[in-house]
Structures are given as structure tokens and as C-alpha cells.
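So the chains spell out like this:
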Amino acid sequence: MSGQINDLSLLEMLAVDENDYVRECVAGNPNTPALLLEKLAADKDLRVCKEVATNPNTPPSDREKLLEKLGTDEDEGVRQFVAFNPKTHVSMLEKLATDKDEDVRQAVADNPNAPALALEKLATDQESVVRESVAENQNAPKPLLEQLAAHEDWEVRRAVAENPNTPALALEKL
């Protein structure tokens with residue numbers, strides 16, 4: 001069997017490929033071992049880092065550090081990815097709930113693990129789509145859904161009406 005490359009050697013070789021897309025694919029491969037993912041987490045291409053952050057073999061502590069790093073990136077698309085990721089730590093979601101970009105704030109409002117405090121803040125966001133996303137979030141606190149049921153914006157009220165966790169009391173307000 002000499003001359004054959006084993007799977008790990010092949011992944012190691014591809015992990016240093018000059019093409020960003022190849023490295024991105026290695027970072028997203030569920031067979032990539034944690035040690036190699038740790039190296040890819042330092043890649044210059046943010047798409048590679050995003051794949052590492054979602055790879056099931058990435059140890060939770062490394063994932064948390066990586067998501068924290070990506071959550072402060074200047075690119076709003078990267079921050080939006082972090083805000084929507086259900087593995088993002090609560091403290092980062094709270095920080096991203098105050099992001100200057102509405103798409104990032106909306107992604108936090110969509111996140112099923114968004115903390116109640118962040119959802120309460122986002123329920124008063126200046127952008128209607130953010131408030132709607134809060135009303136659609138199935139983990140929004142029931143008192144918040146009751147409050148949003150009386151919102152002036154009909155789209156927010158519609159989202160409350162469609163949320164399967166909206167309490168009957170809130171539905172009566174609609």
C-alpha cells in the first residue's frame with residue numbers, strides 16, 4: 001500500500017491549499033479532526049473560519065472563541081452569520097443585539113437561543129423587520145408576545161398571531 005495517502009494526510013494537504021474554497025471545504029468536512037480545525041480557525045479567509053465554527057468536530061471552547069472573533073468582524077455578513085448561529089454564546093448575542101446593522105439585529109431576533117433580555121431590547125428596535133422577527137421567535141417570552149400583540153405595526157401583530165407559543169390572552173388582544 002505504499003504510495004497511498006490516508007484520509008488524514010489528504011485532509012492535511014488540502015487544508016493548506018492555496019485556493020480558499022478548497023480550505024473552506026476541508027473546514028466544513030465532518031471528518032476533519034479537531035486538531036486540523038484548530039489550525040484552520042486561524043485562516044485568513046473568513047469563509048474558512050465560518051465553516052470551522054459550524055463543524056461538529058470543533059471543540060465547544062474553540063467554537064466559542066472563533067464565534068467571538070467573528071462576531072466583532074467589520075463585515076456585517078460575518079456578524080450576521082454569528083448572530084444567527086444557535087451555538088453562539090449568549091453574551092455575544094446580547095452584544096450583537098445592539099449592532100449598527102439591522103440584518104445582524106434581525107439575525108439575533110431570529111436566533112432560537114437569543115436571550116430574553118436581547119429579545120426585549122429588539123422588540124423596540126427602530127426597524128419593523130427586527131420587531132417582526134422577535135414576534136416570530138418561538139422562544140420569545142410570553143409576556144413579550146402579549147406586549148407585541150398590541151403593537152401599532154400590523155406585521156408585528158401578524159407575526160404574534162402566527163407564533164404557536166403565543167398565549168391565548170395575547171391572541172385575545174389581536
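Check the entry above for the structure.
Since we're looking at a predicted model, the values are computed, not measured.

Trainee: I'd like a description of the environment of Glu-136, backed by residues and values.
Mentor: Looking at the secondary structure, you find Glu-136 in helix 10 (residues 128–136). Along the primary structure Glu-136 and Val-160 are separated by 24 residues, whereas in three dimensions their C-alpha atoms are 6.3 Å apart.

Trainee: So what about a negative patch on the surface? Which residues, and what values?
Mentor: Residues Glu-74, Asp-75, Glu-76, Glu-102 and Asp-103 make up a contiguous surface patch of negative charge. Within the fold, Asp-103 resides in helix 8 (residues 102–110).

Trainee: Can you explain the environment of Thr-166? Please cite residues and give values.
Mentor: Examined against the element boundaries, Thr-166 turns out to sit in the loop between helix 12 (154–162) and helix 13 (168–173). Here Thr-166 falls in the buried class, since its relative accessible area comes to 8%. With 27 residues separating them in the primary sequence, Thr-166 and Asn-139 have C-alpha atoms 9.9 Å apart. Apart from the residues lying within four places of it in its own chain, the contact partners of Thr-166 are Leu-145, Val-160 and Leu-171. A distance of 2.6 Å separates a polar side-chain atom of Thr-166 from the backbone oxygen of Val-160.

Trainee: Quick one: what's the story with the pattern of salt bridges, residue by residue and with numbers?
Mentor: Applying the stated rule across the entire model yields 13 salt bridges. A salt bridge links Asp-20 to Lys-44, with the shortest nitrogen-to-oxygen separation between them at 3.8 Å. Of this pair, Asp-20 sits in helix 2 (residues 20–28) while Lys-44 sits in the loop between helix 3 (34–40) and helix 4 (46–54), and the two are 24 residues apart along the sequence. Here Arg-79 makes a salt bridge to Asp-99, at a shortest N to O gap of 2.7 Å. Of the two residues, Arg-79 sits in helix 6 (residues 76–84) while Asp-99 sits in the loop between helix 7 (90–96) and helix 8, which places them 20 residues apart along the sequence. Residue Asp-99 is classed as buried on the basis of its relative accessible area, which comes to 12%.

Basis of the calculations
- Residues numbered from 1 in each chain as written.
- Predicted model: local features only at pLDDT ≥ 70, side-chain atom pairs only at ≥ 80, totals over all residues.
- Heavy atoms only, no water.
- Helix = DSSP H or I, 4+ residues; strand = E, 2+ residues; numbered from the N terminus.
- Patch = residues over 30% accessible without salt bridge, like charges linked within 9 Å, V, L, I, M, F, W, Y side chains within 5 Å.
- Areas by Shrake-Rupley, 256 points an atom, 1.4 Å probe, with all protein chains shown as cover.
- Salt bridge = Lys/Arg side-chain N within 4 Å of Asp/Glu carboxyl O.
- Lys, Arg positive; Asp, Glu negative; His and termini not counted.
- Charge placed at Lys NZ, Arg CZ, Asp CG, Glu CD.
- Buried < 20%, exposed > 50% of the residue type's maximum accessible area, 1.4 Å probe, protein only.
- Contact = heavy atoms within 4.5 Å.
- Polar contact = N/O pair within 3.5 Å; in protein donor to acceptor, adjacent residues only side chain to side chain.

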